[in-house]
Every structure is written in structure tokens, then in C-alpha cells.
Amino acid sequence: MLGDNAPKTEFTFGIGWVDAACAQARKYRDGLNSLNAFPVPDKDTGSNLTVTLTALKEAFDAEYEVLQKEPKPADAAALNLRIGQLYERAIMQAYRSARGNSGTLLCTWALEAVRSYWGLPGHLTEDMDESEVAQIPVFSALHQQYEEAPAAEIRESSYREAFALSAAAQRVRQSVPDASLMRSTMGAVMLAVADYRFHYRPGSELQDMLNRSEYRRTSVLRALEGTAEYPPAPELKGTVDAGALGLYLTVVHTNSRWRTSRLDDAQIERMLVPPAMPSRHLQERRGDSTAASARVPEWELMGTVDADPVAVAQIRSELEQLGDSLLLTPLDVSAGMWSLHVHVFSLDDARAAIARHGMLREERVSSLREGPADSACAAD
């Protein structure tokens, strides 16, 4: 997705990355399912990532076929832009099959990273001036890291990568209802890879490589352990967040350019320990308790919403009263397309709320009381 290679190689790199991500999703699916306990312990994080990455793999393969048949653009810049557009199209296609919070947030993050990296329409900072960007914490932190590097040793390509990943983390931050969840869920890993120092460490080429590898290992481990230290729910203290570990395993661990920075198997296995939650907590958070105070949403509703930004605000306001885990993220604002994920008590009430202000397409529904809809990535 990101890097300095020639454009066509860039796309084959993406295909290899997604293939490796699928293999990791298969390998750790059951472990991540067992680890999953937030926002509800429906044990589906591994399965949701697997389904989502399967769709992404299929989309990448299809887009590569398109690229192979097209006439070569006149110059490298045009080809580079075309590669970015194919990345965007593949992720947009996967978005339509994404599952769960984890799959939706993965696609949200990846789509923004691609749009910001290639400067495609709809990227986060498109309509912002420099002063507005500077006020966003993730960008101000990046600017400070960049400024601290000696002028003679600054890498513009590394800054470009870090900026795109900062925009991706900020897009996710805008999608979640509580900012504190960024350090306790998938957002923790997203913030770790948005760090300029993750992509470049000043010094000789060898020093840069060695220092960068160590910094990456330390930063992702700190991010993952931080989700256990500052969990999204008090009873999960001491347990690594399944979404964060899933993002690390399928996106960071599988990046061939970051291979020297991977955590070892023993470190990963130590984090794959299901939460030792009292049965009462599990029952209440799954909605199995008959106590009215323990009532939780029963359905997961996903799809694509057609609506203008004003209507989306109204939809968001109404859905917030009907459930939780609401994500309404932009697919194409100019075309009025938004990706929806929400947990609700009543499907009919949620559908009616959306219909009052827009249109729901490509609907996907699953029960939060049942096990995950299982699927595996296609075999290599």
C-alpha cells in the first residue's frame, strides 16, 4: 500500500501483503475469536477479519487483472495515480463485505491511508488549511517528530507514509464515539504505525535499519500491552484487545517491508489469553441475563447508506438511541455514500430510522447471541 517502489511493483506488493494477511487471519482466527470480549463477547473478531480480508484479497486479484489488461499510462506519475485508484477500488469493494467492528474499522483505516497517500478525492485533509491540520493532535505529534530529525537526514517519503497513516488513524478516531477507545482497541496499533519514527530513524543506513526495527517492535508491543493496561471495559484489565492484536497480526506482522520488526511467536501466544471474566459479566454483556438493566443489543446491522451529510447526522443521532457500536464512515461523500455498522435492539426500528433520512443498501445482519458466521480465506 505504501512505499517507494515502482508503481506496478507497488500493486504486486499489495497483493502479496493481502495474501499474507489472509494466511495470518486463518492461523489466528480461533485464538482471536476466543480473545474477543469487546464491545460484546460474541467471539467473532477472528472470523470478521477473515471474512473482510477474503473480500479484500478477491478484490485485489480482480483489480490486478484490470491493470494487466490496460494500456500503460503515458508516464510514471499517471501510472502511480492509477495504482492508487485501483487500491481504492479494491478497498471500497471489500468494504461492502466487511464484517463487524474490526472489519469495518480495518477498511475505514485502509481507505483513508490510500486516499491520503495518493492524494485521491475524499481524503481527510482535502478541504483543510494548514492551521486546521496542525490543531489535530495526531498531526501535530507527527510534525514534532519530523522537526526533531536533523534537516540533512529527513526523508520526505517516510513523512508521506507517516502522514497518510496519521490521517487514517484520525479518520478512525472520528468514527468512534469515545476518544479513549483509541488507546484501548485497534486504534492503539494505528497510532503506533502513524509515528514518523516508525518509518525512519536518523543515522547511517545501517543504524537507521537497526534502530527502526527495534523501535517498531517496542512501539507495537507497547501499544498492544497498553490495551490490557487501559482496557475498553474495567473487567477486561490484563487482557489484550482482540481487535488490536488482530490488526497487528494481519496488517503489521504481514508487511514484508517490516519483517525485521515482527514480534516472536512466544510474545504473540502470551497475548492470546481469553479474559478471565466472571460468568455474570459474560452473560450480561451477551444479553443472556433477564435483568432489564443488563439488556444489550441483539443484532448487528451493516450496509451502505445513501444520504447527504445533514441526513447522516440525523441518522447517527437516531441510531445512537437504538443501540451501540455505531460506525458511520464516509465511502464517497460527494456521492452521498456511507458505510454503516451498528448493534441494535430492533432491526425494524433501525431500518425505519435510516429510511426516514436516507436509503440502506447491501444490508448484512447477524445475531449477537449466536456464534460468528465462519469463513476462511481462500487457500493459496
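That block above? That's the structure.
Residues numbered from 1 in each chain as written. Predicted model: local features only at pLDDT ≥ 70, side-chain atom pairs only at ≥ 80, totals over all residues. Heavy atoms only, no water.

**Q** How would you summarise the overall build of the protein if you had to cite specific residues and measurements?
**A** What the protein contains, in helices and strands, is 15 helices and four strands. In the protein, the proportion of contacts linking residues at least 24 apart, taken out of those at least 6 apart, comes to 73%. (Helix = DSSP H or I, 4+ residues; strand = E, 2+ residues; numbered from the N terminus. Contact = heavy atoms within 4.5 Å.)

**Q** Requested: an account of the nonpolar core, with residues and values cited.
**A** Counting residues in each nonpolar core, the largest one holds 75 residues, and the members touching the most others are Phe11, Trp109, Leu224, Leu245 and Tyr248. In terms of residues, this core owes the most to one element, helix H1 (residues 7-35), which gives 11 residues. The residues touching phenylalanine 11, leaving out its near neighbours within four places in the chain, are Phe60, Glu63, Tyr64, Leu67, Ile83, Leu86 and Tyr87. Counting residues in hydrophobic clusters, the runner-up holds 17 residues, among them Leu301, Ile315, Trp338 and Leu347. (Core = buried A, V, L, I, M, F, W, Y, C linked by side-chain atoms within 4.5 Å. Buried < 20%, exposed > 50% of the residue type's maximum accessible area, 1.4 Å probe, protein only.)

**Q** Break down the sheet that holds strand S1 (residues 299-306) for me, citing the residues and quoting the values.
**A** The strand order S2-S3-S1-S4 describes an open sheet built from four strands, whose pairing is antiparallel. Among the strands making up the open sheet, the edge pair consists of strand S2 (323-332) and strand S4 (359-367). Here the average twist between neighbouring strands, direction ignored, is 15°. (Pairing = 2+ DSSP bridges. Axes fitted to C-alpha atoms, helices over the stretch in contact; angles between N-to-C directions.)

**Q** Talk me through the environment of leucine 32; I want residue IDs and the actual numbers.
**A** Counting through the fold element by element, leucine 32 comes out in helix H1. Exposure remark for leucine 32: the relative accessible area of 2% places this residue in the buried category. Expressed as a C-alpha distance, the spacing of leucine 32 and alanine 244, which sit 212 residues apart in the sequence, is 10.0 Å. Those residues in contact with leucine 32 that sit more than four places away from it in its chain are Thr45, Gly46, Leu49, Ala242, Leu245, Gly246, Leu249 and Leu272.

**Q** Provide a residue-level description of the packing of helix H2 (residues 45-69) against helix H4 (residues 100-118), including the pertinent values.
**A** Following both chains from N to C, one finds H2 and H4 inclined at 40°, their axes separated by 7 Å at the closest point. Judged by the inter-axis angle, H2 sits oblique to H4. Of the two possible hands of crossing, H2 and H4 adopt the one that is right-handed. When H2 is examined against H4, the residues Thr45, Asn48, Leu49, Thr52 and Leu53 are found in contact with a partner set consisting of Gly100, Ser102, Gly103, Leu106 and Cys107. Here the residues of the contact of H2 with H4 sort into four nonpolar, six polar and no charged. (Parallel < 35°, antiparallel > 145°, perpendicular 65-115°, else oblique. Left-handed = near helix turned anticlockwise from the far one by under 90°. Nonpolar A, V, L, I, M, F, W, Y, C, P; charged D, E, K, R; others polar.)

**Q** Before we move on, could you go through the packing of aromatic side chains and cite the residues and values that matter?
**A** Under the criterion given, the structure shown has 11 aromatic pairs. Clustering of aromatic rings is evident, with ring pairs tying together Phe139, Tyr146, Tyr159, Phe163 and Tyr196. The ring of tyrosine 117 has arginine 160 sitting right over it, with the charged end atom 3.8 Å from the ring centre. In this structure, arginine 183 is placed above the aromatic ring of tyrosine 230, and the distance from its NZ or CZ to the ring centre is 3.9 Å. (Phe/Tyr/Trp six-rings, centres within 6.5 Å; stacked < 30°, edge-to-face > 60°. Lys NZ or Arg CZ within 6 Å of the ring centre and 35° of its normal.)

**Q** Residues and numbers for the side chain of serine 325, please.
**A** Along the chain, serine 325 falls in strand S2. Among the polar contacts made by the side chain of serine 325, one reaches the side chain of aspartate 324 at a distance of 3.3 Å. Only 3.3 Å separates the side chain of serine 325 from the side chain of histidine 343, close enough to count as a polar contact. Apart from the residues lying within four places of it in its own chain, the contact partners of serine 325 are Pro39, Asn101, His341, Val342 and His343. (Polar contact = N/O pair within 3.5 Å; in protein donor to acceptor, adjacent residues only side chain to side chain.)

**Q** Lay out unusual backbone geometry with the relevant residues and their values.
**A** Located in the positive-phi region is serine 325, a residue other than glycine, with phi close to 55°. Owing to a relative accessible area of 16%, serine 325 belongs among the buried residues under this scheme. One non-glycine residue with positive phi stands out, namely glutamate 362, at about 50°. In this fold, glutamate 362 is placed in strand S4. Looking at glutamate 362, the relative accessible area reads 33%, which means it is partly exposed.

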